[in-house]
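So the chains spell out like this:
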Amino acid sequence: MEPILHGSFEHFPPDQLLSFFHTWRRSGALDIACGGERRARVIFEDGAVIFVESSTSGSPEDLLADLFTWPGGTFTFSTPVPLAATTPRVPIDLDAAIKEGRERAEEWHSLFANEEVMLRVNEDQPNISLTSDEFRVLIKVGGGRTIADLRADLKRHPAELYPVIHKLVKAKLLHVEGSKTSEAPVAAREESVAPREERVAPSPASKIGSLTFSNGGVFPLLDDVYVIGRDPRSDVSLDDGSVSSQHAKLVRTEQGFTIEDVSSRNGTFVNSMRVTQPRLLADADVIRIGKVKLTYNVAIPISARDRTIG
């Protein structure tokens, strides 16, 4: 294949680029790359889009519309068409894809035009399954982070991070509060001088927890109650002979998650102390269920002086 045109989305946005090859009835492959991991190929034949593939998933029209949300990127147009003559040509509605893409671009621009907007975790957590990557971002946001701070902390390219943030916002797990202001340092100073017994309640984000297994796996705690046990039907199933069928229970409260033993055979321990009544968990607490050790974490790390000893 011979490259005949190369450029960036900064100078040629997707709608102009797609319309150009369509209007001038060009044939060839448009290869697009963004952030090292996001790639797409759009194949034209006499100006018609006949094939689309991408590192993301969806219908051909959806993949084209998704290009409008990519934060930058480079493209190369090459000839001839890299498809065998026997490969079926399936015309794609380019006008509909461009219309949908422009609408998505407007939505994404309102969210990502300013990386200083503040993201916060919603108090009321909807029941939604998350990938480990999405949960990692949610935990990092905690009580409030700007997109810029989050990107620097995670060392992620916008092409990788923006889709995750967008999904969490759409799922109402995160909400946007606007730009950082000078009020934050003032609030921090007021909290630092507050008497210990008058400290404000933990942020809602501290109610979002996770369990980390010894193999590094992370189990997000987004529901209100979890039963831990050897029974495969348990919310957190531990396949170990030292674990009772129903061993312990985690319950979300206003202060965070508590753990209680459910008349287990070998007991439940937190930081080597046996649990005899519901105990409020703090960030980095080590839980032992029989012989199995789990580490509990919250979205906002709580300093040692603020931990509650059960």
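Residues numbered from 1 in each chain as written. Predicted model: local features only at pLDDT ≥ 70, side-chain atom pairs only at ≥ 80, totals over all residues. Heavy atoms only, no water.

**Topic: the overall build of the protein**
- Along the protein, the regular secondary structure elements total seven helices and 19 strands.
- Within the protein, the proportion of its 310 residues that are buried is 40%.
- For the protein, the share of sequence-separated contacts (at least 6 apart) that also reach a separation of at least 24 residues comes to 59%. (Helix = DSSP H or I, 4+ residues; strand = E, 2+ residues; numbered from the N terminus. Buried < 20%, exposed > 50% of the residue type's maximum accessible area, 1.4 Å probe, protein only. Contact = heavy atoms within 4.5 Å.)

**Here's the deal with the packing of aromatic side chains**
- Per the stated rule, a full pass over the model turns up ten aromatic pairs.
- Judged by centre distance (4.0 Å) and plane angle (10°), the ring pair of Phe112 and Tyr162 falls under stacked. Here Phe112, found in helix H3 (residues 94-112), pairs with Tyr162, found in helix H6 (residues 158-170); they are 50 residues apart in sequence, far enough to count as distant. With respect to class, Phe112 is no different from Tyr162; both count as buried. (Phe/Tyr/Trp six-rings, centres within 6.5 Å; stacked < 30°, edge-to-face > 60°.)

**Side note on the side chain of Arg156**
- Topologically, Arg156 is positioned in the loop between helix H5 (147-154) and H6.
- Here Glu160 takes part through its side chain, which lies 3.3 Å from a polar atom of the side chain of Arg156.
- Arg156 has contacts with Asp133, Arg151 and Leu161, leaving out every residue within four places of it along the chain. (Polar contact = N/O pair within 3.5 Å; in protein donor to acceptor, adjacent residues only side chain to side chain.)

**Structural notes on the environment of Phe269**
- With respect to the helices, strands and loops of the structure, Phe269 is situated in strand S15 (residues 268-270).
- Taking the C-alpha atoms as reference, Phe269 lies 8.1 Å from Val286; in sequence the two are 17 residues apart.

**Details of the pairing of strand S9 (residues 209-212)**
- Examined bridge by bridge, S9 and strand S10 (residues 218-221) share four bridges and lie antiparallel to one another. The residue of S10 that forms the bridge with Thr212 is Val218.
- Counting the residues in the hairpin turn of S9 and S10 gives five residues, including Gly216, whose phi is positive at 95°. (Pairing = 2+ DSSP bridges.)

**Digging into the environment of Asp239**
- Among the secondary structure elements, Asp239 is positioned in the loop between strand S12 (236-237) and strand S13 (248-252).
- Measuring from C-alpha to C-alpha, the distance between Asp239 and Gly229 comes to 8.2 Å, with ten residues separating the pair along the chain.

**Here's the deal with the sheet that holds strand S17 (residues 279-280)**
- Strand order in this open sheet of five strands is S12-S11-S13-S14-S17, and the pairing throughout is mixed. What marks the edges here is a single partner per strand, and that holds for S12 and S17.
- Sheet topology places strand S11 (residues 225-229) next to S12; two bridges connect them, and they run parallel. Looking at S12, one finds that Gly229 is bridged to Ser237.

**Let's talk about the pairing of strand S3 (residues 38-45)**
- Where strand S2 (residues 28-34) meets S3, seven bridges bridge the pair, whose relative direction is antiparallel. In the sheet register, Gly28 faces S3, and the bridge partner there is Phe44.
- Where S2 hands over to S3, the hairpin turn is made up of three residues, of which Gly35 adopts a positive phi near 70°.
- Pairing of S3 with strand S4 (residues 48-54), which is carried by six bridges, proceeds in the antiparallel orientation. Pairing of Ala40 across the sheet is with Ser54, part of S4.
- Turn length for the S3-S4 hairpin, with the two strands adjacent in sequence and antiparallel, is two residues, and the turn residue Asp46 shows positive phi of about 50°.

**Some words on unusual backbone geometry**
- That bond from Thr79 to Pro80 is cis: its omega, 0°, falls within 30 degrees of zero.
- Mapping Pro80 onto the fold places it in the loop between strand S5 (74-79) and H3.
- Residue Asp46 is not a glycine yet carries a positive backbone phi of 50°.
- Within the fold, Asp46 resides in the loop between S3 and S4.
- Despite not being glycine, Ser272 has its phi angle at roughly 70°, a positive value.
- With respect to the helices, strands and loops of the structure, Ser272 is situated in the loop between S15 and strand S16 (273-274).
- The exposure class assigned to Ser272 is exposed, which follows from its relative accessible area of 71%.

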